[in-house]
Amino acid sequence: FWASFDHTIEPEQRGSLRYVVHESEQVPRAAIGMYQQTNCALATPSFWNAQVLSRSGWRGPIYVVPHGISSQFSFSPIKADPFVFGCVVRYGSTAARRKNITELIRNFQAAFPHTHDQSIQLWIKSFPDDYVIQTNGDSRIRVIREYWSQETYINWLRQITVYVNNSAGEGWCMPIHEALAIGRPVITPFHGGITEYVTQACAYFVPYRRIRAISGFYARQTMIEPKSGYMI
């Protein structure tokens, strides 16, 4: 069994089962070629991912294995004072740019331009080795760059009011899954692996348009662009 997010070919991987998650609507030809050289089968968390892999040229077996989360992520009543929008991002690679954090911050400031009393806040959970996230001097926006235990993370989720996702693509999105388990509603595009466990009973869906990424990790791949006006 080989779980890998980087596109590498190693002799010992031949004939193995590879676990993969993809965020774009098609997988690069080079990645499919690598899978065909090294793997007897693929495992992925969503049927959406399975369709993407098949559409991209993979012809071997695919096993859909949805993610589960710890039962420690249990329901907690919502605290709405202050009203906190929360977002979790691993922002340490070019692929992470798809999270559209800069745009999310702009949307927050456009939605609440005159709220300076800390009654409405945006909390972004990041990591020490991630790119620096600029808040434009807005004291209502809190960026946490720390490694946390699961207990600390759960306690943080219990302090937010709504989880917000502005990503250009998600194969599953564990933070949304975890926030829902805590009992927090979500603002998100309804696209990708998210569609298999999120409904309008627990989320506000943001319209989006499909775009072709020009450069970077997802160059020439089809992603989405959430519509800022609706997000705001």
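Below is a summary of the structure that appears in this document. (Residues numbered from 1 in each chain as written. Predicted model: local features only at pLDDT ≥ 70, side-chain atom pairs only at ≥ 80, totals over all residues. Heavy atoms only, no water.)

## Overview of the overall build of the chain
In terms of regular secondary structure, the chain is built from six helices and twelve strands. Since a compact globule built from 232 residues should have a radius of gyration of about 17 Å, the 18 Å found for the chain is in line with a globular shape. Each principal axis of the C-alpha atoms in the chain carries an extent, and together these give about 60 × 40 × 35 Å. Counting over 232 residues, the chain shows a buried share of 50%. Here the contacts in the chain between residues at least 6 apart in sequence split such that 56% fall between residues at least 24 apart. When the accessible surface of the chain is split by element, carbon and sulfur atoms take 54% of a total near 11500 Å². Looking at charge distribution, the chain has the averaged site of its 22 positive side-chain charges lying 6 Å from that of its 17 negative ones. (Helix = DSSP H or I, 4+ residues; strand = E, 2+ residues; numbered from the N terminus. Rg over C-alpha atoms; globule rule 2.2 N^0.38 Å. Buried < 20%, exposed > 50% of the residue type's maximum accessible area, 1.4 Å probe, protein only. Contact = heavy atoms within 4.5 Å. Areas by Shrake-Rupley, 256 points an atom, 1.4 Å probe, with all protein chains shown as cover. Lys, Arg positive; Asp, Glu negative; His and termini not counted. Charge placed at Lys NZ, Arg CZ, Asp CG, Glu CD.)

## Some remarks on the pairing of strand E9 (residues 186–189)
Residues Val 186 and Thr 188 of E9 are buried on one face, and the alternating residues Ile 187 and Pro 189, pointing to the opposite face, are buried as well. What joins strand E8 (residues 162–164) to E9 is helix H5 (residues 174–182), and the crossover it makes is right-handed. As judged from the four bridges shared by E9 and strand E10 (residues 203–206), these two strands associate in the parallel manner. Its bridge partner being in E10, Val 186 is matched across the sheet by Ala 203. (Right-handed = clockwise from strand over helix to strand, strands pointing away. Pairing = 2+ DSSP bridges.)

## Digging into the sheet that holds strand E6 (residues 120–126)
Spatially, the six strands line up as an open sheet ordered E7-E6-E5-E8-E9-E10, and their pairing is parallel. In this open sheet, the two strands that pair with only one neighbour each are strand E7 (141–145) and E10. Each adjacent strand pair in this sheet contributes to an overall mean axis angle of 25 degrees, direction not counted. Bridge count between strand E5 (residues 83–88) and E6: six bridges; the pairing is parallel. Across the sheet, Phe 85 pairs through a bridge with Leu 122, a residue of E6. (Axes fitted to C-alpha atoms, helices over the stretch in contact; angles between N-to-C directions.)

## Some points on the packing of aromatic side chains
Throughout the structure, instances matching the rule amount to 13 aromatic pairs. What links up through ring pairs into an aromatic cluster is the set Phe 73, Trp 123, Trp 148, Tyr 153 and Trp 156. The aromatic ring of Tyr 131 is capped on one face by Arg 97, whose charged end is 4.1 Å from the ring centroid. The ring of Trp 148 is capped by Lys 125, whose NZ or CZ atom sits 4.9 Å from the centre of that ring. (Phe/Tyr/Trp six-rings, centres within 6.5 Å; stacked < 30°, edge-to-face > 60°. Lys NZ or Arg CZ within 6 Å of the ring centre and 35° of its normal.)

## Thoughts on the packing of helix H4 (residues 150–157) against H5
Where H4 meets H5, the axes come as close as 10 Å, and the angle between the chain directions of the two elements is 65 degrees. Relative to H5, H4 is oriented roughly perpendicular. The hand of the H4/H5 crossing is right-handed. Facing Tyr 153, Ile 154 and Leu 157 of H4, the residues of H5 in contact are Pro 175, Glu 178, Ala 179 and Ile 182. In the contact of H4 with H5, the residues fall into six nonpolar, no polar and one charged. (Parallel < 35°, antiparallel > 145°, perpendicular 65-115°, else oblique. Left-handed = near helix turned anticlockwise from the far one by under 90°. Nonpolar A, V, L, I, M, F, W, Y, C, P; charged D, E, K, R; others polar.)

## Re unusual backbone geometry
Cis geometry marks the peptide bond from Asp 81 to Pro 82, where omega comes out at 0 degrees. Examined against the element boundaries, Pro 82 turns out to sit in the loop between strand E4 (62–64) and E5. Although it is not a glycine, Asn 136 sits at a positive phi angle of roughly 60 degrees. Relative to the elements of secondary structure, Asn 136 occurs in the loop between E6 and E7.

## Some points on the pattern of salt bridges
Taken as a whole and judged by the stated rule, the model has nine salt bridges. Linking Arg 90 and Asp 130 is a salt bridge whose minimum nitrogen-to-oxygen distance equals 2.3 Å. On the criterion of sequence distance, the pair formed by Arg 90 in the loop between E5 and helix H3 (101–111) and Asp 130 in the loop between E6 and E7 is long-range, its members being 40 residues apart. Via salt bridges that share partners, Glu 23, Arg 98, Lys 99 and Glu 170 belong to a single interconnected network. (Salt bridge = Lys/Arg side-chain N within 4 Å of Asp/Glu carboxyl O.)

## Section: the layout of surface pockets
Here the second largest pocket is characterised by a volume of approximately 200 Å³. For the second largest pocket, the full set of lining residues is Thr 94, Arg 97, Arg 98, Asn 100, Ala 168, Ile 211, Ala 213, Ser 215, Gly 216, Phe 217, Tyr 218 and Met 223. Along the lines of polarity and charge, the residues of the lining of the second largest pocket split into six nonpolar, four polar and two charged. (1 Å grid on protein atoms, 1.4 Å probe; cavity = no way out; pocket = protein on both sides within 12 Å on 5 of 7 lines; lining within 4 Å. Points joined across faces, edges and corners; volume = space filled by probe spheres on them.)

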